[in-house]
Amino acid sequence: MKQAGDIHPPRHGVAPRTLLAIDDDPMTLSIIDSALRAEFRILAAQDGERGLHLARLDPAPDLILLDLSMPGLDGYAVCRALREHPATRQVPVIFLTSHNDEFCEIRAFEHGATDYLSKPVGPRQLQIRVRAHLAFAQNQRLLEQRVAERTQENERLQQDLLDSLGRAAEFRDNETGLHVQ
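These numbers were taken from a predicted model, which means no experiment stands behind them. (Residues numbered from 1 in each chain as written. Predicted model: local features only at pLDDT ≥ 70, side-chain atom pairs only at ≥ 80, totals over all residues. Heavy atoms only, no water.)

### Comments concerning the pairing of strand S5 (residues 115-118)
Operational definition: Between any two strands, pairing holds if DSSP finds at least two bridges. Only DSSP runs of H or I covering at least 4 residues are called helices, and only runs of E covering at least 2 are called strands; the numbering of each starts at the N terminus. Seen with its strands pointing away from the viewer, a crossover is right-handed when the path leading from the first strand over the helix to the second is clockwise.
As judged from the four bridges shared by strand S4 (residues 93-97) and S5, these two strands associate in the parallel manner. Across the sheet, residue Phe95 finds its bridge partner in S5, namely Tyr116. Between the parallel pair S4 and S5, the chain is carried across by helix H4 (residues 102-110), and the sense of this crossover is right-handed.

### Quick look at helix H3 (residues 75-84)
Basically, it comes down to this: In this scheme, a residue with accessible area under 20% of its type's maximum is buried, one over 50% is exposed, and one in between is partly exposed, where area comes from a 1.4 Å probe on protein chains only. A contact between two residues is defined here by any heavy atoms of the two lying within 4.5 Å. Contacts described as polar in this section are N or O atom pairs within 3.5 Å, which, within protein, must combine one atom able to donate a hydrogen with one able to accept it, while residues neighboring in sequence count only if both atoms come from side chains.
Across the ten residues of H3, eight count as buried, placing the element largely inside the fold. Within the sequence span of H3, burial applies to Gly75, Tyr76, Ala77, Val78, Cys79, Ala81, Leu82 and Arg83. Next to the buried residues of H3 lie strand S1 (17-22), helix H2 (48-55), strand S3 (63-66), S4 and H4. Sitting at the amino-terminal end of H3 is Asp74, which places a side-chain oxygen 3.2 Å from the backbone nitrogen of Tyr76.

### Considering the sheet that holds S3
Across a sheet, strands are paired by hydrogen bonds formed along the backbone, either parallel or antiparallel in direction. What counts is decided by this rule: To define axes, lines are fitted to C-alpha atoms, for helices over the stretch in contact only, and angles between the resulting N-to-C directions are given on a 0 to 180 degree scale.
Spatial ordering of the open sheet is given by S2-S1-S3-S4-S5, a layout of five strands whose pairing is parallel. The open sheet has two edge strands with one neighbour each: strand S2 (40-45) and S5. Strand after strand, the sheet turns through a mean of 20° between neighbouring axes, direction not considered. Strands S1, S2, S3 and S4 of the sheet are contacted by helix H1 (residues 26-36), whose axis makes an angle of about 175° with S2. Packed on one face of the sheet, H4 meets S4 and S5 and runs near 150° to S5.

Spelled out as structure tokens, the structure:
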């Protein structure tokens, strides 16, 4: 088994997105690695504290797979800490846990989970969910960027309009024009 924190590069040469798997079960980490390493760079941690440390490295992972029951910090505490930290606030977090009851699932979403999968999960299902959440997160970032650009453009146009109104008022009355500006 690979050691916690090891980076497993994908088989092809494209710069991959990074996934962080936080789970105290080496078998689950191995399944995640096998299912996703061809497409993603995988970071692994076997406890919440180590997982938080890896999540806060620069750059932050693109997605986090998180177990619920672990020694030390449980998944809820880790998810809450991820949501409170600026570098990881927007990173999708998928709970991957053997707890398959409604109470745990609702609580996970209340702590900031993006999705909730019950173990055992098939490799194909894991691949599809990870890809879907990464695509959604990328679209969200693009949308936020466009909104910021449009907001900046609107502010510039408003300022240009006010400047034009001030200049137009100057033609009529210099004192009024200076007041408008």
